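Secondary and tertiary structure notes
Spelled out, the chains give:
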Amino acid sequence: MAESTELRTGVVADPKKPVAEKEPLFGKKEKILITDPLLDNNPITIQVLGVCSALAVTSLVYPSLVMAVAVVFVCAFSSLLTSLMRNIIPKAVRLIVQLVIIATLVTLVNEALKVLAFPVYKQLSVYIGLIITNCIVMGRLEAFAMANKPWRAFLDGVGNGLGYGLILVAVGVVRELFGKGSLFAGSPIAMNIIGPSGDTTQYWINTAADSGIGSFFGWYANNNLMVLPAAAMFVIAVFIWIQRSYNSKLVDVS
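Residues numbered from 1 in each chain as written. Predicted model: local features only at pLDDT ≥ 70, side-chain atom pairs only at ≥ 80, totals over all residues. Heavy atoms only, no water.

1. Describing the environment of glycine 212
By the secondary structure assignment, glycine 212 is in the loop between strand S4 (205-206) and helix H9 (229-246). Given the relative accessible area of 45%, glycine 212 is considered partly exposed. In the structure, glycine 212 is positioned 23 residues away from valine 235 in sequence and 32 Å away in space, judged by C-alpha atoms. (Helix = DSSP H or I, 4+ residues; strand = E, 2+ residues; numbered from the N terminus. Buried < 20%, exposed > 50% of the residue type's maximum accessible area, 1.4 Å probe, protein only.)

2. Notes on unusual backbone geometry
Residue valine 48 is not a glycine yet carries a positive backbone phi of 55°. Here valine 48 shows up in the loop between helix H2 (28-35) and helix H3 (51-56). For phenylalanine 184, which is not a glycine, the phi torsion comes out positive at approximately 60°.

3. Some details on the environment of methionine 191
One can find methionine 191 in strand S2 (residues 191-192). In the structure, methionine 191 is positioned 13 residues away from tryptophan 204 in sequence and 8.3 Å away in space, judged by C-alpha atoms. Here methionine 191 is in contact with Ser182, Leu183, Phe184 and Trp204, once residues within four sequence places are set aside. (Contact = heavy atoms within 4.5 Å.)

4. Quick look at the domain arrangement of the protein
Partitioning the protein into domains gives domain 1 (28-176) and domain 2 (190-222). Between the C-alpha centres of domain 1 and domain 2 there is a distance of 38 Å. (Domains from an automatic or database assignment.)

5. Some words on the nonpolar core
Counting 38 residues, the largest nonpolar core has Met67, Val74, Ile128 and Ile131 as its most contacted members. Elements that contribute at least two residues to this core include exactly H3, helix H4 (61-84), helix H5 (94-116), helix H6 (118-129), helix H7 (135-143), helix H8 (150-180) and H9. For this core, the element with the highest residue contribution is H4, accounting for seven residues. Beyond its immediate chain neighbours, meaning those up to four positions away, isoleucine 128 contacts Met67, Ala70, Val106, Val109, Asn110 and Leu113. (Core = buried A, V, L, I, M, F, W, Y, C linked by side-chain atoms within 4.5 Å.)

Encoded structure:
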């Protein structure tokens, strides 16, 4: 078969020439693109990017989760589209083109939220629009997507979006649980964890109970300070401290 191919094409294969190996879809380098931003190169705790929205939308878990999904979508597909067009985008207007791509995707997310989750849209409408200028999204397009192939750019966008979303949801859990005694408030799976039960609200751990497990938590009161934006700064600072205490290599990384 090899000889017949050579006879038809008139090209003789060089046996010494190395054959290019096909790059795997999920090789070691591709896995690092997704896993590295989750911990060792997290956009918020290590790169300190996108902190503004992390302070503003994390008072409840549900909006934090919706915001995280929105950023993953925008970051992943803007990286993909930018990489696909990287060779035809004039350098002089590359930032404008990137902004147009991001703005288009953000508009799709904005309109989808209006239809699918209008109460959450009312909470996040301003901050969804600010994804357009999110440092994480813009940074990955300029630093990675413009210099890499589409698949790797897409994975990098997914990884950084997930790293951002991980911190958002984690901060949301801490703030809502200790500030309101609930989780996923406003969603179909809302859970009232701890607090004084009343006629309209029943908590799993009723701190006003005279008997049962709730009677051991009569001293407990939800801390309204956790609902304020300033609390997010403290929580993120604690996350940074824990992460850098666990991995000393990150101590001098800013």
